[in-house]
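Listed here are the chains, written in short residue letters.
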Amino acid sequence: MSVYTELNKHEVSSLLSHYDLGGYVSHQGISAGVENTNYFVSTDQHELVLTIFEKHSFEELPFFVELGEHLHKHHCSVPQPYRQADGQFIFTIKGKPGVFFERVSGGHVEHTQPYIEAIATALAKVHLATAEFNAQREHSHGLAWVKRTLAQIQPTLAENEQIIASKAIEHISQLPTSLPQGVIHADLFHDNALFDQQKLSGIIDWYFAGIDSYALDIAITLNDWCLNDDDAVFADNQVRFMAAYQSVRPLSKDELQAVPILQVQSGLRFWLSRLLAQREHGASSEAITVKDPELMKRLLVRLMSSLGTIL
Ligand SMILES: Nc1ncnc2c1ncn2[C@@H]1O[C@H](COP(=O)(O)OP(=O)(O)OP(=O)(O)O)[C@@H](O)[C@H]1O
Ligand SMILES: N[C@@H](CCO)C(=O)O
């Protein structure tokens, strides 16, 4: 349950009065989600999502919201953020920043296999569109974050885990220094996409977005969407993903060679971020979902063994 900031109907109505989105009909807290407070809001004209940002500062939000508007305008499957009558996206409620978004139809898919082509082509379209997006923000969980976090955590890892992490860093050190870059989503797991009747309706949760290599975004996305029932990346799925992506945005030789190594970087990143989340929050509870770090560690080991590393 993640409604940290309670709003009554008068408060939601009063927020809506600054928009041209129709009159208040109802609102309902969304229990999914961990970081922010989200409500579904119905007006007599629109279905909306109201997000109140519990951790992000006012200063960092314009990048994410303007990116959403840019991608929506460029026909990517990304919910439209709405501007108030004065042109501003962000309002203040109870001292926190908030934004109204379009509510896209559909829901999350459990089995990703049938949706691999759809997500791969959508990602490639996002990459083409972000190439024309001018705002700057570094990707917060890129290689510098991975190295910094590993340096903090490594002494607390078991001996075999320290070896896994060191081998991963050895692989990553073989990456070419310059790959095509732009703004990437950086967290396109299947719980960040909605589908309606087999069709992608929206990619959400852009709050890790920032500048990094497009190939890293491919690696992150592959590592979640192309798994088999045993939670290993299934080669046939990966081939389908790469073919679909390249039907929209062909990759250079360097990018193609980098993807398997960036899959290792992605495995290491999410293993570390899940370990941090587990240490901060304990195991999953009704209030907080903490994803299993062991699963990501196993994936990392398998990715490295397919590159010839024996552990
Ligand atoms: N624009 C939207 N249209 C339809 N449903 C949405 C939209 N945005 C969010 N949702 C729904 O609300 C749920 C919670 O949103 P989200 O996952 O973004 O939560 P969060 O707390 O902001 O982020 P996180 O879960 O990464 O901490 C989503 O799983 C989705 O079902
Ligand atoms: N997608 C992340 C959680 C949010 O960053 C994970 O699966 O660990």
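Residues numbered from 1 in each chain as written. Chains lettered and ligands numbered in written order. Predicted model: local features only at pLDDT ≥ 70, side-chain atom pairs only at ≥ 80, totals over all residues. Heavy atoms only, no water.

The chain appears in an unreviewed UniProt entry as Homoserine kinase from Reinekea marina. Note on the chain: under the UniProt heading Sequence similarities (unreviewed entry), the record states "Belongs to the pseudomonas-type ThrB family." (UniProt positions renumbered as here; feature names shortened; annotations may be inferred.)

Novice: Outline the layout of surface pockets, supporting the account with residue identities and numerical values.
Specialist: If you add up the space inside the second largest pocket, you get close to 440 Å³. In terms of lining, the second largest pocket is formed by 20 residues, of which the most central are E110, H190, D224, L227 and D231. Sorting the residues of the lining of the second largest pocket by element identifies α6 (214-225) and α9 (293-305) as the ones contributing at least two each. Within the lining of the second largest pocket, the residues separate by chemical class into six nonpolar, six polar and eight charged. (1 Å grid on protein atoms, 1.4 Å probe; cavity = no way out; pocket = protein on both sides within 12 Å on 5 of 7 lines; lining within 4 Å. Points joined across faces, edges and corners; volume = space filled by probe spheres on them. Helix = DSSP H or I, 4+ residues; strand = E, 2+ residues; numbered from the N terminus. Nonpolar A, V, L, I, M, F, W, Y, C, P; charged D, E, K, R; others polar.)

Novice: An account of the sheet that holds strand β2 (residues 37-43) is needed here, citing residue identities and associated values.
Specialist: Ordered by their spatial adjacency, five strands build an open sheet running β1-β2-β3-β5-β4, and the pairing between neighbours is antiparallel. At either margin of the open sheet sits one strand with a lone partner, and together these are β1 (24-29) and β4 (91-93). Sheet twist, expressed as the average angle between the axes of neighbouring strands with direction ignored, equals 35°. Alignment of β4 against strand β5 (residues 96-102), held across three bridges, turns out to be antiparallel. Across the sheet, residue F91 finds its bridge partner in β5, namely G98. Set on the sheet, helix α1 (residues 9-16) makes contact with β1, β2, β3 (47-52), β4 and β5; between it and β1 the angle comes to about 120°. (Pairing = 2+ DSSP bridges. Axes fitted to C-alpha atoms, helices over the stretch in contact; angles between N-to-C directions. Contact = heavy atoms within 4.5 Å.)

Novice: Could you give an account of the site of ligand 1, with specific residues and numbers?
Specialist: Neighbouring residues of ligand 1: 17 residues in total, closest V34, E35, N36, H108 and D205. Within the backbone of V104, one N or O atom sits 2.9 Å away from a nitrogen atom of ligand 1. D205 is positioned with one of its side-chain polar atoms (N or O) 2.8 Å from an oxygen atom of ligand 1. Look at ligand 1: alone it shows 610 Å² of surface, and the protein chains cover 84% of it. Per-class residue counts for the shell around ligand 1 are nine nonpolar, four polar and four charged. Two domains each put at least three residues into the shell around ligand 1: domain 1 (9-102) and domain 2 (113-305). (Near = heavy atom within 4 Å. Polar contact = N/O pair within 3.5 Å; in protein donor to acceptor, adjacent residues only side chain to side chain. Areas by Shrake-Rupley, 256 points an atom, 1.4 Å probe, with all protein chains shown as cover. Domains from an automatic or database assignment.)

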